[in-house]
Amino acid sequence: MAKDPLAEAGFYFDELNKLRVLEPDVSQKTSELKEECKEFVDKIGQFQKVVGGLIELVDELAKEAETEKMKAIGARNLLKLVEKQREAQQQQLQALIAEKKMQLERYRIEYEALSKVESEQNEFIDQFSLQK
């Protein structure tokens, strides 16, 4: 079999009879690889879009979770504040009750003392009336 002198020199004709430097199978494999690379790049682009959408979704969820967390912290702090206010109010009311009890006791003692004075004065008046 005689070899083509152009093939020996590294020149080949393709299916369109164009002169090529690469062998036809190498050229075909190169084209196939080029197509595969293009498909791979397209798939990577689609993957990046999907991942980008997923990342955006996760970011939104994280922001919502953070917002809800802050609301929960605020509500908890508000509840603690209300609890402290109620405790303070309860202490004030207990102090007021103790003060009113002491005042009642003073009034009771004063009433007893005044009742004693009244009875003594009534007795004195009765004795004075009888002496006349």
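Residues numbered from 1 in each chain as written. Predicted model: local features only at pLDDT ≥ 70, side-chain atom pairs only at ≥ 80, totals over all residues. Heavy atoms only, no water.

Asker: How would you summarise the overall build of the protein chain if you had to cite specific residues and measurements?
Answerer: A count of helical and extended segments in the protein chain gives two helices and two strands. Moving toward the C terminus, one meets the helices and strands of the protein chain in the order α-β-β-α. Burial statistics for the protein chain: of 132 residues in total, 2% are counted as buried. (Helix = DSSP H or I, 4+ residues; strand = E, 2+ residues; numbered from the N terminus. Buried < 20%, exposed > 50% of the residue type's maximum accessible area, 1.4 Å probe, protein only.)

Asker: With reference to specific residues and values, describe the UniProt feature "coiled-coil region" (unreviewed entry) in the protein chain.
Answerer: In the numbering used here, UniProt assigns the feature "coiled-coil region" (unreviewed entry) to residues 79–117. As annotated, residues 79–117 has a helix share of 100% and a strand share of 0%, and its two end C-alpha atoms lie 56 Å apart. (UniProt positions renumbered as here; feature names shortened; annotations may be inferred.)

Asker: Tell me about the packing of aromatic side chains, residues and numbers included.
Answerer: Pairs of aromatic rings are described using the distance from one ring centre to the other and the angle between the two planes. Per the counting criterion, the structure on display carries one aromatic pair. Here the aromatic rings of phenylalanine 124 and phenylalanine 128 are separated by 6.2 Å at their centres, their planes lie at 15°, and the arrangement is stacked. Of the two residues, phenylalanine 124 and phenylalanine 128 both sit in helix α2 (residues 24–131), four residues apart, roughly one turn of that helix. According to the relative accessible area criterion, phenylalanine 124 is exposed, its value standing at 55%. (Phe/Tyr/Trp six-rings, centres within 6.5 Å; stacked < 30°, edge-to-face > 60°.)

Asker: Can you break down the pattern of salt bridges residue by residue, with the values?
Answerer: Here the structure, examined in full by the defined rule, presents four salt bridges. Overlapping salt bridges bring together Glu105, Arg108 and Glu112 as one network. (Salt bridge = Lys/Arg side-chain N within 4 Å of Asp/Glu carboxyl O.)

Asker: An account of a negative patch on the surface is needed here, citing residue identities and associated values.
Answerer: On the surface, a cluster of negative charge is made up of Glu32, Glu35, Glu36 and Glu39. Note that glutamate 36 resides in helix α2. (Patch = residues over 30% accessible without salt bridge, like charges linked within 9 Å, V, L, I, M, F, W, Y side chains within 5 Å. Areas by Shrake-Rupley, 256 points an atom, 1.4 Å probe, with all protein chains shown as cover. Lys, Arg positive; Asp, Glu negative; His and termini not counted. Charge placed at Lys NZ, Arg CZ, Asp CG, Glu CD.)

Asker: I'd love a proper account of a nonpolar patch on the surface, names of residues and values included.
Answerer: Residues Leu54, Leu57, Val58 and Leu61 make up a contiguous nonpolar surface patch of about 370 Å² in total accessible area. Relative to the elements of secondary structure, valine 58 occurs in helix α2. Taking the relative accessible area as the measure of exposure, valine 58 reaches 47% and is therefore partly exposed.

Asker: A description of the confidence of the model for the protein chain should follow, citing residues and the corresponding values.
Answerer: Residues of the protein chain with pLDDT of at least 70 account for 84%, and the chain-wide mean is 89. Per-element averaging of pLDDT across the protein chain places helix α1 (residues 5–9) at the bottom with 65 and α2 at the top with 95. (pLDDT = per-residue confidence, 0-100.)

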